[in-house]
Amino acid sequence: MKRHMAILSLLLLTTFVFGQSKSSFNPTKPNDIMVAVINNPNATAYDFASQLSLNKSNTSLFSYDFYKTRDLIKKRFTVNRVFNINEYTKFYNRASSVYSKLPNDASDFNNKFPDEVIYSPFDVTRPKGSKTFDVDVEYMNKKR
């Protein structure tokens, strides 16, 4: 539940943050992967794709220099009035890595994360050789 709230706040922040800094900025995609990674540093590409439905067609990643001008980035990476370029670079590289692993669109999800998707063994539409969850029944022998 806590994780879902953090991800929900990410969606709200994305629009709010980019609306503040420069009036000429007009994002063409509703989500930004840099903001997503900053707000959820331990989340994987699979987490973003499965829980938020982020993909390359609805999520953007701007240039390294672009983000340094944004208020959110300045506040997040400034300590004692000094911008921590190493920490910023680390987060940008992480965001870039996560972005490269996102599916191209919603239909590409299963192709991008074949090892993450677990199907029911009774699902006749599942891809051949895909992972299935265990449906074995275990009985306990209780001695009386």
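Please read all numbers here as calculations on a predicted model, not as lab measurements.

Cut-offs applied
- Every residue gets a number counted from 1 within its own chain, in the order that chain's sequence is written.
- Local features in this predicted model are restricted to residues of pLDDT 70 or higher, and side-chain atom pairs are both shown and tallied only at a pLDDT of 80 or more, whereas totals for entire chains, interfaces and linings draw on every residue.
- As a convention, hydrogens and water are excluded, and side-chain values are obtained from all of the structure's heavy atoms.
- Just to be clear on terms, a salt bridge is a Lys or Arg side-chain nitrogen sitting within 4 Å of an Asp or Glu carboxyl oxygen.
- Strands here are runs of E lasting at least two residues and helices are runs of H or I lasting at least four, both read from the DSSP assignment and numbered beginning at the N terminus.
- Only protein chains enter the accessibility calculation, which uses a 1.4 Å probe; a residue whose area is less than 20% of its type maximum is buried, one above 50% is exposed, and one in between is partly exposed.
- Ring geometry is summarised as follows: Phe, Tyr and Trp rings, the Trp one being its six-membered ring, pair when their centres sit within 6.5 Å, and such pairs are stacked at plane angles under 30 degrees, edge-to-face over 60 and tilted between the two.

A.B. asks: What's the story with the pattern of salt bridges in this structure? I'm lost.
C.D. replies: Side chains bearing opposite charge may pair, as long as their charged atoms lie close to each other. Taken as a whole and judged by the stated rule, the model has 2 salt bridges. Salt-bridge contacts for Lys90 lead to Glu87; the nearest nitrogen and oxygen are separated by 3.7 Å. Highlighted residues: Lys90 and Glu87, both in helix α6 (residues 85-101), separated by 3 residues, approximately one helical turn. On the basis of relative accessible area, Glu87 is assigned to the partly exposed category, the value being 25%.

A.B. asks: Teacher, can you tell me more about the packing of aromatic side chains here?
C.D. replies: Any pair of aromatic rings gets described here by the distance separating the centres and the angle formed by the planes. Counted according to the given criterion, the structure contains 11 aromatic pairs. Summarising the aromatic geometry, the rings of Tyr64 and Tyr88 are spaced 4.9 Å apart at their centres and angled 50° between planes, so their arrangement reads as tilted. Of this pair, Tyr64 sits in helix α4 (residues 64-67) while Tyr88 sits in helix α6, and the two are 24 residues apart along the sequence. The structure contains a cluster of three or more aromatic residues connected by ring pairs, namely Phe62, Tyr64, Phe66, Tyr67, Phe77, Phe83, Tyr88, Phe91 and Tyr92.

A.B. asks: How should the environment of Thr125 be read in this particular structure?
C.D. replies: Along the polypeptide, Thr125 turns up in the loop between β5 (118-119) and β6 (131-132). Using a relative accessible area of 66% as the deciding quantity, one classes Thr125 as exposed.

Without other data, these values stay purely geometric and don't point to any function.
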